Amino acid sequence: GRLVVVSSQLRYEQDGKVGFTAKPSDIQEIAPNVFFGLNTGTFHIILNSGKTYNFVSTSLTPADTSAMVESLRSALK
């Protein structure tokens, strides 16, 4: 799937279908998944509705994951 920011909204698409669309006010948190102090190379998005979505960058590197998280946060300000 892919995450895109369109018209100040975050949208997740997979196989041509929209999984979710969220305005910045609908998003509680976008953050790397960290276990025992180590970045796992994955990240999550938690919506105010309580739904949590987990994602992985194609490279699985913590640096790429952190860059993606920061990019999403900046785009949704």
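Just so it is clear, the model here is predicted, and its values are computed rather than measured.

A. Layout of the pattern of salt bridges. This structure, assessed with the given rule, holds three salt bridges. Linking E13 and R2 is a salt bridge whose minimum nitrogen-to-oxygen distance equals 2.8 Å. Of this pair, E13 sits in strand β2 (residues 9-14) while R2 sits in strand β1 (residues 2-6), and the two are eleven residues apart along the sequence. Owing to a relative accessible area of 15%, E13 belongs among the buried residues under this scheme. A salt bridge links R73 to E70; the shortest N-O distance between them is 2.7 Å. Of the two residues, R73 and E70 are both situated in helix α1 (residues 62-75); the distance of three residues between them amounts to about one turn of the helix. Under the relative-accessibility criterion, R73 is labelled partly exposed at 34%.

B. Region of the structure containing the sheet that holds strand β4 (residues 27-35). Taken together, the three strands give an open sheet; going across it, the order is β4-β5-β6, and neighbouring strands pair in antiparallel fashion. The open sheet terminates on both sides in strands that have one partner only, identified here as β4 and β6 (52-56). Between one strand axis and the next, the sheet turns through 30° on average, direction left out of account. Strand direction decides the pairing type here: strand β5 (residues 38-47) and β6, joined by five bridges, are antiparallel. Pairing of T42 across the sheet is with V56, part of β6. Sheet contacts for α1: β4 and β5; angle to β5, the most-contacted strand, approximately 25°.

Reading guide: rules and limits
- Residues numbered from 1 in each chain as written.
- Predicted model: local features only at pLDDT ≥ 70, side-chain atom pairs only at ≥ 80, totals over all residues.
- Heavy atoms only, no water.
- Salt bridge = Lys/Arg side-chain N within 4 Å of Asp/Glu carboxyl O.
- Helix = DSSP H or I, 4+ residues; strand = E, 2+ residues; numbered from the N terminus.
- Buried < 20%, exposed > 50% of the residue type's maximum accessible area, 1.4 Å probe, protein only.
- Pairing = 2+ DSSP bridges.
- Axes fitted to C-alpha atoms, helices over the stretch in contact; angles between N-to-C directions.
- Contact = heavy atoms within 4.5 Å.

Nothing here speaks to function; it is geometry throughout.
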